[in-house]
Amino acid sequence: MMGIKDKQGALFSYNINLEERVREDNPLRVISRQGDFNWVRDEVVGLYGCNGNESVDPVVIIKLLILLFWDNIKSERELMRIVPERLDYLWFLGYGLDEQTPNHSVLSKARKRWGKELFEHFFVRTVWKCVKLGLVDGRKIHLDSSLIDADAARASMITTSKEVVAALRKAYEVEESKFEMEEERRRVIPMHRRNFSKTDPDATLVARDPRSAYATAKPRYKSHRAVDDRCGVITAVQTTPGHIRDGFCLPEMVKQHQDNSGALTETVIGDQHYGTRENFIHLQSLGIATHMKPLRSKGMAEKHEVFHVSEFIYNAQSDTFRCPGGKNLSRRGYNKNEQGWYYRADTRDCAGCPLRTQCTKTAPPTHTRLIVRPDGHEALLKGWAQACGEEARQDRRTLPLAAMAFINLRKLPDVITNQDDLTPLRPAGKASG
Ligand code: SF4
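The residue numbers shown here count from 1 along each chain, following its written sequence. Residue-level local features of this predicted model are given only where pLDDT is at least 70; pairs of side-chain atoms are given and counted only at 80 or more, and the full residue set underlies all totals for whole chains, interfaces and linings. Side-chain numbers come from the whole structure's heavy atoms, not from hydrogens or water.

Per an unreviewed UniProt entry, the protein chain goes by IS5/IS1182 family transposase and derives from Ereboglobus luteus.

In structure tokens form, the structure reads like this:
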């Protein structure tokens, strides 16, 4: 049976008035003043029976979860140890000084009872409230990610051959298939790595800095997020195993942002991890401005210090590239690995070219320069041009701040003007991805 928490009269039995003890500018006061959490009861009431023991009030559960993440407390056990010591926590939860606070297990039980879908609904509802309050604009988003340590020791990792890891994962998947697991999650579970954690098989061994020593690697997950530019509200989230590249999640994050905020994205900002060729082409095909830093892999041009591909000018009419030496490179064939057409200069042109040593390092007699024109080349050029503009550079400079994804709570009272505006729970119409 669902319980409902009353404020305790015992709050005042020691002449200690928590209302007075909690300082005026405590952020929990602002949250408490602006946030009405009673709606949680309506959302979960169907998940509780009518008889039996009274549960902990769902409003208390949701407030405990807020405290867990607000103060970045390392575990639910730790939180429940801290709660009786913190006057502001007790005040926020509505507990008295001598009142028994709930056991840590109530949080895991509630999570299990409420389920993932309901939490996702809470998230969408919160984003939509921010939209209604004008805290989310929806047109410009920043993408970022961070690694999260898994609850598994480094010692739980087995390092073995790819074949053994694949077999272990298969066995694990058989067990997992007894639970419902959505396709999206299956897709990102690593299948061909050499490491496998016995206690948390979804986590993967990664270091925070890929250039650092292997010894610093730990089993980790990665939290991906889209942050709205206006006030830094997180509008889309995805959690994957730690090794999943940031750029891989971009299409899903943009789609989720549009669905959750009900607004069409106009600009995407990100660091070079998002600036892959596929992402530039994908966003350009949707008409979204690409303000990500282009990913600069150490390609042949940089490695051998020869002319960069951008120094070869493409002519759409003749379907040729003009090289810095003024010669034409014509289309020769399709390269499946590079996913594009390759163009080559005539051997005779290159043989007598004074710029040859700056253009190609291949030995005679095949010393001609080869250029690959990837599929979606026009969109890529347009995307790169946007990414190199001053506006994009300016946007990227604000990325670290936006990635912190916070709302300045002290500004909230100025922003929130009408509580009645909070009624709708979901966007009226979803934007197409
Ligand atoms: S080496 Fe060949 S491709 Fe390079 S600049 Fe000279 S003519 Fe052009």
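Novice: Help me get a handle on the state of the cysteines, residues and values and all.
Specialist: Note on terminology: disulfide denotes any pair of cysteine sulfur atoms within 2.5 Å. This model, assessed by the stated rule, comprises 0 disulfides. The thiol of Cys 231 is unpaired, and the distance to the nearest cysteine sulfur, on Cys 130, comes to 8.4 Å. When its relative accessible area of 29% is taken as the criterion, Cys 231 is described as partly exposed. Exposed residues in this analysis have more than 50% of their type's maximum accessible area, buried residues have under 20%, and partly exposed residues fall in between, with area computed by a 1.4 Å probe over protein chains only.

Novice: With reference to specific residues and values, describe the sheet that holds strand E9 (residues 313–315).
Specialist: Strands qualify as paired when DSSP identifies two bridges or more between them. Each helix corresponds to a stretch of at least 4 residues labelled H or I by DSSP, and each strand to a stretch of at least 2 residues labelled E; elements are numbered beginning at the N terminus. Here we have 5 strands laid out as an open sheet, ordered E9-E10-E11-E12-E13, and antiparallel in their pairing. The open sheet has two edge strands with one neighbour each: E9 and strand E13 (370–374). Each strand axis lies, on average, 35° off the axis of its neighbour in the sheet, ignoring direction. Note: strand E10 (residues 320–322) against strand E11 (residues 328–335), 3 bridges, orientation antiparallel. Its bridge partner being in E11, Thr 320 is matched across the sheet by Ser 330. Sheet strands touched by helix H15 (residues 377–387): E9, E10 and E13. Its angle to E13, the strand with the most contacts, is close to 90°. Comment: axis = line fitted to C-alpha atoms, over the contacting stretch for helices; angle = value between 0 and 180 degrees taken between N-to-C directions. Contacts: residue pairs with any heavy atoms within 4.5 Å of one another.

Novice: Lay out the nonpolar core in plain terms, naming residues and giving numbers.
Specialist: The nonpolar core is taken to be a set of buried Ala, Val, Leu, Ile, Met, Phe, Trp, Tyr and Cys residues, with the residues joined through side-chain atoms within 4.5 Å. If you look at the biggest cluster of nonpolar residues, it comprises 35 residues, and the most contacted ones within it are Leu 79 and Trp 114. Of all the secondary-structure elements, those providing two or more residues to this core are helix H2 (27–34), helix H3 (39–44), helix H4 (58–70), helix H5 (76–82), helix H6 (87–93) and helix H7 (105–132). Per-element tally for this core: the top contributor is H4, with 8 residues. Setting aside its immediate chain neighbours within four residues, Leu 79 contacts Leu 64, Leu 67, Leu 68, Ile 73, Tyr 89 and Leu 107. In terms of nonpolar packing, the next biggest core, distinct from the first, is built from 17 residues, Ala 226, Ala 236, Val 268 and Leu 283 among them.

Novice: Quick one: what's the story with the site of the ligand, residue by residue and with numbers?
Specialist: For this purpose, a residue is taken to be near a molecule or strand whenever a single non-hydrogen atom of the residue falls within 4 Å of it. Lining the immediate surroundings of the ligand are Cys 323, Gly 325, Lys 327, Ala 345, Asp 349, Cys 350, Cys 353, Arg 356, Cys 359 and Arg 369. Elements with a contribution of two residues or more to the shell around the ligand: helix H13 (347–351) and helix H14 (356–359). Residues are sorted three ways: Asp, Glu, Lys and Arg are charged, Ala, Val, Leu, Ile, Met, Phe, Trp, Tyr, Cys and Pro are nonpolar, and all the rest, Gly among them, are polar. Classifying every residue of the shell around the ligand gives 5 nonpolar, 1 polar and 4 charged.

Novice: So, the environment of Cys 50: which residues are in play, and what are the values?
Specialist: Of note, Cys 50 is situated in the loop between H3 and H4. Considering only alpha carbons, one finds Cys 50 and Met 1, 49 residues apart in sequence, at a separation of 5.0 Å.

Novice: I'd like a description of the environment of Ala 316, backed by residues and values.
Specialist: Its location among the elements puts Ala 316 in the loop between E9 and E10. Residues Ala 316 and Glu 378, spaced 62 residues apart in sequence, show a C-alpha to C-alpha distance of 9.8 Å.

Novice: Give a description of the pattern of salt bridges that names residues and reports values.
Specialist: Salt bridge criterion: a side-chain nitrogen from Lys or Arg within 4 Å of a carboxyl oxygen from Asp or Glu. Inspection of every chain in the model, using the stated rule, returns 21 salt bridges. Between Arg 23 and Asp 25 there is a salt bridge, with the nearest N and O atoms lying 3.0 Å from each other. Among the residues examined, Asp 25 registers a relative accessible area of 40% and is labelled partly exposed. Residues Asp 259 and Lys 255 are paired through a salt bridge, measuring 3.0 Å at the closest nitrogen-oxygen approach.

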